[in-house]
Each structure stands twice: as structure tokens, then as C-alpha cells.
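Okay, here's what each chain looks like letter by letter:
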Amino acid sequence: MIRLGIDASDLERAAGWLREGRLVAIPTETVYGLAADAANPDAVRRVFAAKGRPADHPVIVHLPDAGSLDGWAADVPAAARRLAAAFWPGPLTLILKRGPRVDDVITGGQSTVGLRVPAHPIAQALLKRFGGALAAPSANRFGHVSPTTAAHVIDEFDDEVVAVLDGGACDVGLESTIVDLSGDAPRLLRPGMIAAADLEEVIGMPLAEAPENEGPRASGRLPSHYAPEAPLRLVAPEALDATVAEALETGSVAVLARRGPDALHDQCRWFRIADRAEDYARELYATLRRADARGPAVILVEAVPEGPDWQAIRDRLRRAAADRDD
Ligand code: TXA
Ligand code: MG
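The paragraphs below set out a description of the structure included in this document.

Thresholds applied
- Residues numbered from 1 in each chain as written.
- Chains lettered and ligands numbered in written order.
- Predicted model: local features only at pLDDT ≥ 70, side-chain atom pairs only at ≥ 80, totals over all residues.
- Heavy atoms only, no water.
- Salt bridge = Lys/Arg side-chain N within 4 Å of Asp/Glu carboxyl O.
- Helix = DSSP H or I, 4+ residues; strand = E, 2+ residues; numbered from the N terminus.
- Buried < 20%, exposed > 50% of the residue type's maximum accessible area, 1.4 Å probe, protein only.
- Arc of directions from axis to C-beta.
- Contact = heavy atoms within 4.5 Å.
- Axes fitted to C-alpha atoms, helices over the stretch in contact; angles between N-to-C directions.
- Parallel < 35°, antiparallel > 145°, perpendicular 65-115°, else oblique.
- Left-handed = near helix turned anticlockwise from the far one by under 90°.
- Pairing = 2+ DSSP bridges.
- Phe/Tyr/Trp six-rings, centres within 6.5 Å; stacked < 30°, edge-to-face > 60°.

1. A closer look at the pattern of salt bridges
Then, number 1: One pass over the full model with this rule turns up 20 salt bridges.
Then, number 2: Of the charged contacts, one joins Asp279 and Arg282 as a salt bridge, the two residues approaching to 2.9 Å between their closest N and O atoms. Within this pair, Asp279 and its partner Arg282 are both found in helix α9 (residues 277-293), separated by 3 residues, close to a single helical turn.
Then, number 3: Look at Asp279 and you get buried, because its relative accessible area is 17%.
Then, number 4: Residues Arg314 and Glu306 are paired through a salt bridge, measuring 3.9 Å at the closest nitrogen-oxygen approach.
Then, number 5: Residue Arg314 is classed as buried on the basis of its relative accessible area of 17%.

Quick look at the structure:
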């Protein structure tokens, strides 16, 4: 995989490869995406193959601006227009009824499509230069932690991805908020760093939360998604020291906490992570990758606060911890 910079000639090479149907990883403000020409079904199929992702899990289509929705969405309700005006470009994905330009391979055969206008300046510049839409899931193998730097992408893939545009570390750090506007009532399918209350204010109605095992198939909704290799356990702050001590009796431990350790131990690697939600989100995936790197027997994560600012972080941590004890 070639690591490209971000000047005009790099963007032109990337756009040229995309036109040829090849895969290029791109920075977005949330996480890196593995991009393919959304109008080329063979190219999109290559994304599924590279990720090892089941064909029935739909991918998000990235557009340069809200004015490009036509053809990709069939029916754009007023609430979607309002959310687009308020939050695009930005970390929000809208699920809408699919338009005629959407191939089955993008939606996994579903009648809806996920659309997003990313804010990252490199994603924006590439979309404009490319001149079309880019289908892009997060640039990780299926079930792995999403990448927030170009180096993470390089760790995930070999030659099936021709290049990564290195746009630095992602600013948001967690995947976009997903709102489903294809049905009767708007639903929050995946919490992100745009607060649900801010979305509700814009659309003037409450957002229903999608029940766990229902609704459109979305791989981000599988319980064990976003998981590191080592088993991950969430531990209440007040139980952390005792749990670390107990885990050290049987093997090496990595700890993620919003404070430093009380005592040092050569089998324990302690990762201090920011205690503001926004900073925590930005650092989480890179920190999980570092914690996982030396193959600890377990990763213990100090549970994070309740409260709306932490909703998306709680969601990702819960999924990373799910189904890992067996
Ligand atoms: O921030 C993001 O959304 C990143 C960047 C690269 O844009 N992308 C991302 O893509 O997280 P991915 O494929 O890893 O996750 C997209 C989620 C999946 O859970 C997928 O199933 C869901 O969006 N999704 C896509 N189209 C959908 C649809 N029509 N209905 C329901 N869920 C959909
Ligand atoms: Mg993903």
C-alpha cells in the first residue's frame, strides 16, 4: 500500500485509481474509510472482499455536498433536509430510501441507503476532484477496531488497497451518528459524537432508539463489533484497582483509565486516557490498538460516566466487551 500525502498530485493519483475501480483509504473526521467508486459495483465488491465483510451488510455512500443527494436518495423528507443543513459536512449518516443510482451491492439488497457528507478537508477535496460518490466503510477488517490514523490502515491491509491518503489523526475518532429517516418515525441507529438532543432539536421530534435485534442490518450493531484481539472487560471505577490486582495473578494486563495507576507492576501496562468525552472519543481507538499490541491476557477499561456526552463511547465500549468471556 502506498502512503500518499495530501497535495494536488496525491489527490489526483487517488482519484485516478478510484476511477479505475481500485480501493483507496481516505481520512474522514470520524475514522478512516476504505473508499471505492460507488457507481462501480465491482469496485464496491472489492471493498467487501478486502474487509472480509458479509455481503448483506450495507456500506455508507459519501457525497461531496447535500446538493448531490439526488439519484442516491429516492425520497428526502423534510427532517432529512433539516439535519443535512445543520450537520453536513459532518459526522452524521442519514438512512434514506434508496435512489436509482444505488446498486444492490451497496445496500446488501435493502431498500434504504446510508448517505453522508464528510467534513475532513482531504475527503472533501478528493470527492470534488473525483466528481462522484464514494462507498466507504471504516478501513478495518470486519469486526476490528476502526482506524483513526493512516498507520492503522496500513496495519490492516496489504495490496488489496492501493493507497492511503494520510490526512493525520481523525478529529472525532468514533464513527458517525446514524439516523434512520426511511420509516415513519426517525430512529437513532448508531450513537455518535453529535448528541441525540441536538438532532432532536433540529427535527423537532424525539428520536426512537432502535431495539438491539431489529431494524435494518447494520454491522455496527453486532454486539462484538469494534473489538480488540484481547478480551476486554469494563470495570466500575471503584473496583478498578482490585480487579487489576486480581487479573495480574493470572497474566499480563492492559488498563485504560481516566487516571494514572496507584502502583507500578511489570506485567501491567497502564494507558491514561483523557477525561473529557470529546478527547476520550478522539483517543479511544488508537489507545485500544496500543493496549492490544503486546497481546495482554486482558484489557481492563475503567467504565465511563453515564450522561449524554458519553453515549457513543459507552456504546462502543459495550460492543467491544460483548461476547468476549467465552
Ligand atoms: O463515520 C463513519 O460512518 C465511517 C466513515 C468512514 O464514514 N464509516 C463507517 O462505515 O463507520 P461502516 O461501514 O464501518 O459502518 C456503517 C454502518 C454499518 O453499521 C452499516 O451496516 C450501517 O452503517 N448502514 C449502512 N447503510 C445502512 C442502511 N441502509 N440501513 C441501515 N444501516 C446501514
Ligand atoms: Mg466499521
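2. Some thoughts on helix α7 (residues 196-203)
Then, number 1: Within α7 the residues assigned to the buried category are Ala196, Leu199 and Ile203. For α7, the angular spread of buried residues about the axis comes to 60°, placing them on one side. Of the exposed residues in α7, the ones pointing more than 90 degrees away from its buried face are Ala197 and Glu201.
Then, number 2: Contacts from the buried residues of α7 go to α3 (78-87), β6 (92-98), β10 (177-180), β11 (187-190) and α10 (311-321).
Then, number 3: Two residues or fewer after α7 comes Gly204, characterised by a positive phi angle close to 70°.

3. So, the packing of helix α1 (residues 8-19) against helix α5 (residues 121-130)
Then, number 1: At their nearest, the axes of α1 and α5 sit 9 Å apart, and the two run at 55° to each other. Taken as axis vectors, α1 and α5 run oblique relative to one another. Where α1 crosses over α5, the two elements pack in a sense that is right-handed. Contact residues: α1 offers Ala8, Leu11, Glu12, Ala14, Ala15, Leu18 and Arg19, while α5 offers Ile122, Ala125, Leu126, Arg129 and Phe130.

4. Focus on the sheet that holds strand β16 (residues 298-302)
Then, number 1: Strand order in the open sheet formed by 4 strands is β13-β16-β14-β15, and the pairing between neighbours is parallel. Two strands close off the open sheet at either side, each with one partner strand: β13 (232-235) and β15 (268-272). Here the average twist between neighbouring strands, direction ignored, is 20°.
Then, number 2: The pairing of strand β14 (residues 253-257) with β16 spans 4 bridges and is parallel.

5. Topic: unusual backbone geometry
Then, number 1: Of note, the bond from Trp88 into Pro89 is cis; its omega dihedral lies within 30 degrees of zero at -10°.
Then, number 2: Mapping Pro89 onto the fold places it in the loop between α3 and β6.

6. Digging into the packing of aromatic side chains
Then, number 1: Tallying each qualifying case throughout the model produces 1 aromatic pair.
Then, number 2: When the ring of Tyr280 is compared with that of Trp310, the centres are 5.2 Å apart and the planes differ by 70°; the resulting orientation is edge-to-face. Here Tyr280 is found in helix α9, whereas its partner Trp310 is found in the loop between β16 and α10, with 30 residues between them in sequence. Like Trp310, Tyr280 is buried.

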